[in-house]
Amino acid sequence: MTAGTLTVVGTGIQAVAQTSPEALACIESADKVYFVSADALTEYWIRQVNPSAESLNGLYEIGKQRSITYEEMIDRVLAPVASGLNVCFVSYGHPGVFVYSTHEAIRRARKAGYVARMLPAISAEACLFADLGVDPSTSGCQSYEATDFLIYHRRFDTHSSLILWQIGAIGEWSYKRNVNAWNVSGVRILTDILLQHYPEDHMVTVYEAARYPCCDAIILNVMLAELPKTTISAISTLYVPPHGGAEPDLAMFERLSAADAR
Amino acid sequence: MASLADYVLRLARDRNEAEKFRASQQSAKQAMTAFGLSNEHQEILLSGDPNRISQEVQKEFAPWAHDPGWTNTQCMVNVPIPKTQK
């Protein structure tokens, strides 16, 4: 029996259109495809590309802890690898960004001696850089999951860009189907914390990448103090631009110049 | 009537079709009518509302289409799971 393999790929944020040729080839050639899709269109398309495709979306249940769902996904994906099949695990967005089950499936597959790899894909952050015209090289870029940011009191630099993910789902541990903001009080708490570091009139952006080729990205520019009154969904991201410029360390500049001269 | 999903899939895979849709409302209407989309589906696509499009596409595939996984969020905060739920 040949050794099974696991390849993890992503379909990007915009349905179908952002799937790379490399990812498509993996989906087409796999013995067995499992997927977690963000929309029925992508599901329809994946089933056309490879009839073996099986959705894992059904493992989500209202009120069920997501960590349990992720474990079930991993078990489901690895079983045919152990049987000698070449398995492709497809997720939306970038398969390695905000996805526990894909990373863990690869770790466990490798530990068991199977070949496992992940292909890069278009993430929401990649879309944000393009749509908002943000270049992380200009002033740096800090990126946190919003609940993580609050619970761990992440230290950040207000002179650098700050991206906070999942601001509509702060403190939500289970699965819900409602696309609208899940936890408005969480956004209020987040705003309170940010107001300790930024002025009330600091302009921030609530962002959602375009999900279909006939849609535009959702870009709402608001004053920070007004954030809790803004329409936020479960997939909204908050972009906080730098406040003021950082002071360069001239001594470090000279030290680096001296090092260069040597 | 033509399938909404098939038309959106066409937009996703055919850059020329996407350009036609985006060029102007009139051009989009002509392309959608030529494809055979109903007036209701044309209106939904022209609204540009991703949630409406998702709901309508999902209707075409019920019952096999699954709930969108993107409403699942990934928080990496390590929350202990009670043993009784394992």
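As the structure is a computational prediction, the values presented were derived from the model and not from experiment.

Draft legend 1. Molecular detail of the overall build of chain B. Summing up its helical and strand segments, chain B has five helices and zero strands in all. When the helices and strands of chain B are placed in sequence order, the string is α-α-α-α-α. Every one of the 86 residues in chain B was classed for burial, and the buried ones make up 30%. Excluding contacts between residues fewer than 6 apart, the proportion of contacts in chain B whose partners are at least 24 apart in sequence is 45%.

Draft legend 2. Layout of the overall build of chain A. A count of helical and extended segments in chain A gives nine helices and 10 strands. With respect to the three principal axes, the spread of C-alpha positions in chain A is 65 × 55 × 35 Å. Split into buried and exposed, the 262 residues of chain A put 45% on the buried side. Contacts in chain A between residues far apart in sequence, at least 24 positions, make up 64% of those at least 6 positions apart.

Draft legend 3. Expanded view of the pairing of strand 8 (residues 203–208) of chain A. All names here are of chain A. Taking burial as the measure, the six residues of strand 8 include five buried ones, the bulk of the element. Where strand 8 and strand 9 (residues 218–223) come together, six bridges link them in antiparallel fashion. Residue pairing across strands places valine 206 opposite leucine 220, the latter belonging to strand 9. Pairing geometry for strand 8 and strand 10 (residues 237–240), over three bridges, is antiparallel. In the strand pairing of strand 10, threonine 205 is matched with tyrosine 239.

Draft legend 4. Just the sheet that holds strand 9 of chain A, in detail. All names here are of chain A. Across the sheet, which stays open at both edges, the five strands sit in the order 6-7-10-8-9 with mixed pairing between neighbours. With partners counted over all chains shown, the strands left at the sheet margins are strand 6 (141–145) and strand 9, one partner each. Recorded for the sheet is a direction-independent mean angle of 20° between the axes of neighbouring strands. Sitting on the sheet, helix 5 (residues 124–132) touches strand 6, strand 7 (161–165), strand 8, strand 9 and strand 10, and the angle it makes with strand 10 is about 50°.

Draft legend 5. Geometry of the domain arrangement of chain A. Residues and elements named next belong to chain A. Taken as a whole, chain A is organised into domain 1 (5–118) and domain 2 (124–240). If you look at the interface, domain 1 gives 15 residues, while domain 2 gives 13 residues. Here the residues of the side of domain 1 that touches domain 2 sort into six nonpolar, five polar and four charged.

Draft legend 6. Representation of the pairing of strand 7 of chain A in the model. All names here are of chain A. Burial of strand 7 is extensive: five of the five residues sit out of reach of the surface. Every second residue of strand 7 is oriented toward a common face, with Ser161, Ile163 and Trp165 on one face and Leu162 and Leu164 on the other, all of them buried. Of the strand pairs in this sheet, strand 6 and strand 7 are connected by five bridges, and their pairing is parallel. Residue pairing for strand 7: tyrosine 144 is matched across the bridge by leucine 164. Note that the unit made of strand 6, helix 7 (residues 146–151) and strand 7 has a crossover that is right-handed.

Draft legend 7. A look at the environment of cysteine 141 of chain A. Residues and elements named next belong to chain A. Residue position: cysteine 141 is located in strand 6. Put simply, cysteine 141 and proline 242 are 101 residues apart on the chain and 9.1 Å apart in space, counted from C-alpha to C-alpha. With residues up to four places along the chain from it excluded, the contact list for cysteine 141 reads Pro136, Ser160, Ser161 and Ile163.

Draft legend 8. Highlighting helix 4 (residues 100–111) of chain A. All names here are of chain A. With 12 residues, helix 4 ought to run about 16 Å at 1.5 Å a step, and its terminal C-alpha atoms sit 16 Å apart, in line with that. Inspection of helix 4 places Ser101, Thr102, Ala105, Ile106 and Ala109 among the buried residues, and these make up the whole buried set. Looking down the long axis of helix 4, one finds its buried residues gathered within 135° of arc, a one-sided arrangement. Of the exposed residues in helix 4, those oriented more than 90 degrees away from the buried face are Arg107 and Lys111. Turning to helix 4, the residues buried within the fold contact strand 1 (5–10), helix 3 (66–82), strand 4 (86–91) and strand 5 (115–118). Once helix 4 ends, the next one or two residues include glycine 113, with phi positive near 95°.

Draft legend 9. The environment of isoleucine 193 of chain A, seen in detail. Residue placement: isoleucine 193 of chain A occurs in helix 8 (residues 184–195). For the pair isoleucine 193 of chain A and serine 20 of chain A, spaced 173 residues apart in sequence, the C-alpha separation works out to 39 Å.

Draft legend 10. Seen up close, unusual backbone geometry. Residues and elements named next belong to chain A. The phi torsion at valine 16 lies on the positive side, around 70°, for a residue other than glycine. Tracing the chain through its elements places valine 16 in the loop between strand 1 and helix 1 (21–29). A tally of 23 C-beta atoms within 10 Å means that valine 16 is categorised as buried. Not every positive phi belongs to a glycine, and phenylalanine 98 is a case in point at roughly 60°.

Rules used throughout
Residues numbered from 1 in each chain as written. Chains lettered and ligands numbered in written order. Predicted model: local features only at pLDDT ≥ 70, side-chain atom pairs only at ≥ 80, totals over all residues. Helix = DSSP H or I, 4+ residues; strand = E, 2+ residues; numbered from the N terminus. Buried ≥ 20, exposed ≤ 12 C-beta atoms within 10 Å, placed from the backbone. Contact = placed C-beta atoms within 7 Å. Pairing = 2+ DSSP bridges. Axes fitted to C-alpha atoms, helices over the stretch in contact; angles between N-to-C directions. Domains from an automatic or database assignment. Nonpolar A, V, L, I, M, F, W, Y, C, P; charged D, E, K, R; others polar. Right-handed = clockwise from strand over helix to strand, strands pointing away. Expected span 1.5 Å × (residues − 1). Arc of directions from axis to C-beta.

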